[in-house]
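# Overview (structure and organization)
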Amino acid sequence: MSDTSRPIPVPLVFDAPKRGLPPKHLVDLEPAERRAAVAELGLPGFRADQVARHYFSRLEADAEEMTDLPAAARTAVGEKLLPTLLTEMRRITCDAGETQKTLWRAHDGTLLESVLMRYPDRATLCISSQAGCGMACPFCATGQQGLTRNLSTAEIVDQVRSAAATMRDGDLPGGPGRLSNIVFMGMGEPLANYKRVVTAVRRMTEPAPHGLGLSQRAVTVSTVGLAPAIRRLADEKMSVRLAVSLHTPDDELRDTLVPVNNRWSVAEVLSAARYYADTSGRRVSIEYALIRDVNDQPWRATMLGKKLRKALGQMVHVNLIPLNPTPGSQWDASPKDVEAEFVRLVRAEGVACTVRDTRGQEIAAACGQLAAQG
């Protein structure tokens with residue numbers, strides 16, 4: 001089908017509604033800005049490094065607990081550099097306690113979510129970059145909500161700090177551990193909040209006392225296919241993994257499943273992904289939510305394999321995701337035999353393909369479900 005006969009585009013929201021971001025936080029500021037902030041309080045510049053060390057190394061966000069700061073200055077330092085960003089509303093667990101989903105409320109009442117998952121060899125946190133999402137994918141709980149606003153850099157990073165503290169304190173089964181992996185696969189389209197997401201990645205991966213010290217190679221940034229932003233991310237020269245939510249290899253269906261496809265076609269998205277792979281030297285992940293009788297046909301599996309092999313060669317891996325249906329949704333997961341055949345056919349085209357381990361279905365762990373419940 002030619003471009004001229006494709007459906008009228010579904011309205012997409014790339015710019016968040018004009019709602020106020022939270023007050024500036026330590027994480028939002030560069031080191032020189034942090035020193036200037038404490039100077040405004042009449043404190044020497046080294047106090048900024050002390051506060052940063054507490055936040056990034058000791059995972060402490062309450063200035064009243066920072067006993068190496070002058071007692072008389074702690075309240076002012078907290079208000080200036082450590083305003084409360086996220087308040088925990090609900091925390092629910094499943095998978096014998098190894099999956100933990102947290103519903104957060106921001107300063108303006110905005111709701112967002114993060115999910116911490118402990119595996120034998122790693123602990124992964126799925127984080128949100130926006131409250132809601134403007135990409136309008138019909139099978140996604142967050143996409144059904146629409147976009148409320150972008151999250152600030154500090155709101156993104158504070159999800160990570162909190163989870164790192166949870167792991168350190170042994171609050172998940174298995175005893176104390178270390179948060180190792182971050183995936184931007186929670187609420188929102190990360191590349192639609194580009195500047196804050198990139199800054200957040202840098203804060204997560206800078207060494208202490210200016211960051212959390214995680215490896216860039218352990219961070220995955222997901223996108224539905226904002227092709228120019230993928231190329232821009234490649235030019236940042238970071239080593240994060242790119243994950244592209246493709247969900248079907250043909251434009252006809254993708255125009256409906258992923259409406260941003262009306263702006264950037266499958267070919268354009270895969271071209272940008274190839275640029276990312278060539279620039280970063282990292283294999284690209286293709287996310288594919290398998291939906292019963294919608295995108296799980298054998299011919300689509302073969303087409304997917306052929307297109308990915310042509311566009312990306314060996315620099316690609318397909319993550320097949322059994323759909324986690326949302327309440328009242330018309331969408332359902334594909335049967336296991338259909339899933340297995342889809343994997344076989346993609347692999348037959350020379351492309352690596354595995355089924356993602358699903359976690360948390362009984363606690364509404366598909367992004368957006370808990371926030372929708374309130």
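None of these values were measured; they are calculated from a predicted model. (Residues numbered from 1 in each chain as written. Predicted model: local features only at pLDDT ≥ 70, side-chain atom pairs only at ≥ 80, totals over all residues. Heavy atoms only, no water.)

### Things to note about the overall build of the chain
Here is the rule we go by: We count a stretch as a helix when DSSP gives it H or I for four or more residues in a row; a strand needs E for two or more, and each element gets its number in order from the N terminus. Both definitions apply: the radius of gyration is a C-alpha atom measure, and the globule rule equals 2.2 Å times residues to the power 0.38. A simple rule labels every residue: compare its accessible area, found with a 1.4 Å probe on the protein chains alone, to the largest value its type can have, and call it buried under 20%, exposed over 50%, or partly exposed in between. Should any heavy atoms of two residues lie within 4.5 Å, those residues are considered in contact. With residues, only the protein chains shown are counted as cover, and all accessible areas are computed by Shrake-Rupley using a 1.4 Å probe. Counted as positive: Lys and Arg. Counted as negative: Asp and Glu. His and the chain ends are not counted at all. Here the site of a charge means atom NZ of a Lys, CZ of an Arg, CG of an Asp or CD of a Glu.
Along the backbone of the chain there are twelve helices and twelve strands. Its C-alpha radius of gyration of 21 Å places the chain within 12% of the 21 Å reference for a compact globule of 374 residues. The C-alpha extent of the chain, read off along each of the three principal axes, is 70 × 40 × 35 Å. The burial tally for the chain puts 57% of its 374 residues in the buried class. In the chain, the proportion of contacts linking residues at least 24 apart, taken out of those at least 6 apart, comes to 69%. Accessible area of the chain: about 15,300 Å², with a carbon and sulfur share of 50%. Averaging the locations of the 46 positively and 43 negatively charged side chains of the chain gives two centres separated by 4 Å.

### Considerations on empty space enclosed by the protein
Cut-off, in case you're wondering: Here the term cavity refers to a set of points on a 1 Å grid, laid over the protein atoms alone, in which a 1.4 Å probe fits but cannot get out; the term pocket refers to an open set having protein on both sides within 12 Å along at least five of seven lines, with lining residues being those that place an atom within 4 Å of a point. Grid points are joined across faces, edges and corners, and a volume is the space filled by probe spheres set on the points. As a working rule, the residues Ala, Val, Leu, Ile, Met, Phe, Trp, Tyr, Cys and Pro are called nonpolar, Asp, Glu, Lys and Arg charged, and the rest polar, with Gly in that last group.
One pass over the full model with this rule turns up one cavity of 30 Å³ or more. What lines the largest cavity is simply Arg91, Gln100, Thr102, Trp104, Ser114, Val115, Leu116, Leu125, Gln159, Ser162, Ala163 and Thr166. Of all elements in the fold, only β2 (99–106), β3 (111–119) and α5 (153–168) reach the threshold of two or more residues within the lining of the largest cavity. When residues in the lining of the largest cavity are grouped by element, the largest group, four residues, is from α5. Looking at side-chain class alone, the lining of the largest cavity contains five nonpolar, six polar and one charged residues.

### Here we look at the sheet that holds strand β4 (residues 122–126)
Cut-off, in case you're wondering: Only strands joined by at least two bridges in the DSSP assignment are considered to pair. Note on method: axes are straight lines fitted to C-alpha atoms, helices fitted across the in-contact stretch only, with angles between N-to-C directions ranging 0 to 180 degrees.
Reading across from one edge, β1-β2-β3-β4-β7-β8-β9-β10-β11-β12 is the order of the ten strands in this open sheet, with mixed pairing throughout. The sheet is open, and its two borders are formed by β1 (86–94) and β12 (352–355), each paired with just one other strand. Averaged over all pairs of adjacent strands, the angle between their axes in this sheet comes to 20 degrees, without regard to strand direction. In this structure, strand β9 (residues 241–245) lies alongside strand β10 (residues 284–290), joined through three bridges in parallel fashion. Considered in β10, the bridge of Ala243 is made with Ser285. Of the strands in this sheet, β7 (181–184) and β8 (219–223) are in contact with helix α6 (residues 194–205), which crosses β7 at around 175 degrees.

### What to know about the environment of Leu81
For Leu81, the position within the fold is in helix α3 (residues 74–81). The exposure class assigned to Leu81 is buried, which follows from its relative accessible area of 0%. Residues Leu81 and Ala63, 18 residues apart in the sequence, show an inter-C-alpha distance of 8.9 Å.

### Some thoughts on the confidence of the model for the chain
Which entries qualify depends on this criterion: Per-residue confidence from the predictor is reported as pLDDT, a score between 0 and 100.
Counting all residues, the mean pLDDT for the chain is 91, and 90% of those residues have values of 70 or more. Segment residues 1–10: pLDDT under 50, and 14 contacts once partners within four positions in sequence are set aside and those in other chains are kept.

### Regarding the nonpolar core
Operational definition: Only buried residues count toward a nonpolar core, which is a set of Ala, Val, Leu, Ile, Met, Phe, Trp, Tyr and Cys residues joined through side-chain atoms within 4.5 Å.
Of all hydrophobic cores here, the largest spans 106 residues; its most connected members are Leu179, Ile182, Phe184 and Met204. For this core, the leading source of residues is α5, giving eight residues. For Leu179, the contacting residues outside a window of four places in its chain are Leu116, Ala123, Thr124, Leu125, Val160, Ala163, Ala164, Met167 and Leu214. By size, the runner-up hydrophobic cluster in this structure holds five residues, among which are Val115, Met117, Tyr119 and Val183.

### Looking at the packing of aromatic side chains
So the rule is basically this: We call Phe, Tyr and Trp rings a pair once their centres come within 6.5 Å, taking the six-membered ring for Trp, and we label the pair stacked below 30 degrees between planes, edge-to-face above 60, and tilted otherwise. Either the NZ atom of lysine or the CZ atom of arginine qualifies as a charge over a ring when it sits within 6 Å of the ring centre and within 35 degrees of the ring normal.
Considering all chains together, one arrives at three aromatic pairs under this definition. Here the aromatic rings of Tyr55 and Phe56 are separated by 5.1 Å at their centres, their planes lie at 85 degrees, and the arrangement is edge-to-face. On the basis of relative accessible area, Tyr55 is assigned to the buried category, the value being 0%. The residue whose ring lies beneath Arg122 is Tyr119, and the NZ or CZ to ring-centre distance is 4.0 Å.

### Quick notes on the layout of surface pockets
Taken as a whole, the second largest pocket spans an internal volume of roughly 360 Å³. The set of elements that each furnish at least two residues to the lining of the second largest pocket consists of α3, β1 and α5. The biggest single contributor to the lining of the second largest pocket is α5, with five residues. Considered class by class, the residues forming the lining of the second largest pocket number eight nonpolar, six polar and eleven charged.

### So, the packing of helix α10 (residues 298–312) against helix α11 (residues 336–348)
Rules: Oblique is the label for every angle not falling under 35 degrees (roughly parallel), over 145 degrees (roughly antiparallel), or within 65 to 115 degrees (roughly perpendicular). Should the near helix be turned counterclockwise from the far one by less than a right angle, the crossing is left-handed, whereas a clockwise turn marks it as right-handed.
Running from N to C, α10 and α11 point in directions that differ by 30 degrees, and their axes come no closer than 8 Å. By the angle between their directions, the pair α10 and α11 is classed as roughly parallel. The two elements α10 and α11 meet at a crossing, and its hand is right-handed. Where α10 abuts α11, its residues Pro298, Arg300, Ala301, Thr302, Leu304 and Gly305 lie against Phe342, Leu345 and Val346. Split by residue class, the contact of α10 with α11 holds six nonpolar, two polar and one charged.

### A few points about the pairing of β3
β3 sits mainly inside the fold: eight of its nine residues count as buried. Here seven bridges tie β2 to β3, and the two strands are oriented antiparallel to one another. From the neighbouring strand, Lys101 faces β3, where its bridge partner is Val115. Connecting β2 to the antiparallel partner β3 that follows it, the hairpin turn spans four residues, and Gly109 within it adopts a positive phi of roughly 90 degrees. Bridging between β3 and β4 involves five bridges; their strand directions are antiparallel.

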